[in-house]
Amino acid sequence: MKISTRGRYALRFMIDLALHNKGEYTALKDISERQQISIKYLEQITALLSKFGLLLSVRGPQGGYKLAKAPSEYSVGEILRITEGNLAPIACLEQTQNTCERKDSCPTLKMWTGFYKIVNDYFDGISLEDLVNQAAPDTYFDYVI
């Protein structure tokens, strides 16, 4: 499994929105400049994230994007599944029902299923808020003498 640029950029985009959340809409141009991601690429990502209800958007001079809910309510897994599709390591696990004709005799299916569960549990256990907190500068130990 390899996370594509789209998945990585979507996470950076969402973190940026959360970090700069002041209750107002943020222009795509501003995020593009801060993250050094082209506006065209961000437009593709925002269309996808908006379609699945992760973003609110407004057009016009005061328009832009903002999170549809609190950063703590988003999981990394949710964002990656929207931008990457299923995170299954093998094709036969991509559907809810495994229709592989070899599923009953496959000696590796249990291993792949376990790996798939670990990946999903890991990414679902990390919230956007967790990533924001990791990105925020640590000011508690910023002593000046």
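Remember, predicted model here, so these are calculated numbers, not experimental data.

Peer 1: Outline the environment of K117, supporting the account with residue identities and numerical values.
Peer 2: Looking at where K117 falls in the secondary structure, it is placed in helix α5 (residues 109-124). Measuring from C-alpha to C-alpha, the distance between K117 and L87 comes to 9.8 Å, with 30 residues separating the pair along the chain. Reaching out from K117, the side chain makes a polar contact with the side chain of D121 at a distance of 2.6 Å.

Peer 1: Break down the packing of aromatic side chains for me, with residues and values.
Peer 2: Applying the stated rule across the entire model yields four aromatic pairs. Considering the side-chain rings of F13 and Y65, the 6.3 Å spacing of their centres and the 75° angle between planes classify their relative orientation as edge-to-face. You can see F13 sitting in helix α1 (residues 5-19) and its partner Y65 sitting in strand β2 (residues 64-67), a full 52 residues away along the chain. As far as the burial class goes, F13 and Y65 line up, both buried. Residue placement shows K66 over the ring face of Y25; its charged tip is 4.6 Å from the ring centre. A cation sits over an aromatic face here: K69 above Y74, 4.9 Å from the ring centre.

Peer 1: How would you sum up helix α2 (residues 28-35)? Please name residues and give values.
Peer 2: Think of an α-helix as turning once every 3.6 residues; residues three or four places apart then point the same way. Buried within α2 we find L28, I31, S32 and Q35. Summarising the axial view, the buried residues of α2 lie within an arc of 105°, below the 170-degree limit, and thus occupy one face. Its buried side turned inward, α2 meets α1, α3 (39-51) and β2. Positive phi shows up at Q36, right after α2, with a value of about 55°.

Peer 1: So what's going on with the side chain of T46? Which residues, and what values?
Peer 2: Position of T46 among the secondary structure elements: in helix α3. Taking relative accessible area as the criterion, T46 reaches 2% and is therefore assigned buried. Separated by 3.0 Å, the side chain of T46 and the backbone oxygen of E43 make a polar contact. Apart from residues lying up to four places away in sequence, T46 is in contact with F13, L28, L55 and Y65.

Peer 1: Break down the environment of G114 for me, with residues and values.
Peer 2: With respect to the secondary-structure elements, G114 resides in helix α5. For G114 and Y25, which are 89 residues apart along the polypeptide, the C-alpha to C-alpha distance reads 41 Å.

Peer 1: Quick rundown of the environment of Q36? Include the residues and the values.
Peer 2: Along the chain, the position of Q36 falls in the loop between α2 and α3. In this structure, the C-alpha to C-alpha distance between Q36 and Y9, residues 27 residues apart in sequence, is 9.9 Å.

Peer 1: Run through the pattern of salt bridges, naming residues and quoting values.
Peer 2: Across all of its chains, the model carries four salt bridges by this definition. A salt bridge links D16 to R34; the nearest nitrogen and oxygen atoms lie 2.6 Å apart. Here D16 is found in helix α1, whereas its partner R34 is found in helix α2, with 18 residues between them in sequence. For D16, a relative accessible area of 2% puts it in the buried group.

Definitions and limits used
Residues numbered from 1 in each chain as written. Predicted model: local features only at pLDDT ≥ 70, side-chain atom pairs only at ≥ 80, totals over all residues. Heavy atoms only, no water. Helix = DSSP H or I, 4+ residues; strand = E, 2+ residues; numbered from the N terminus. Polar contact = N/O pair within 3.5 Å; in protein donor to acceptor, adjacent residues only side chain to side chain. Phe/Tyr/Trp six-rings, centres within 6.5 Å; stacked < 30°, edge-to-face > 60°. Buried < 20%, exposed > 50% of the residue type's maximum accessible area, 1.4 Å probe, protein only. Lys NZ or Arg CZ within 6 Å of the ring centre and 35° of its normal. Arc of directions from axis to C-beta. Contact = heavy atoms within 4.5 Å. Salt bridge = Lys/Arg side-chain N within 4 Å of Asp/Glu carboxyl O.

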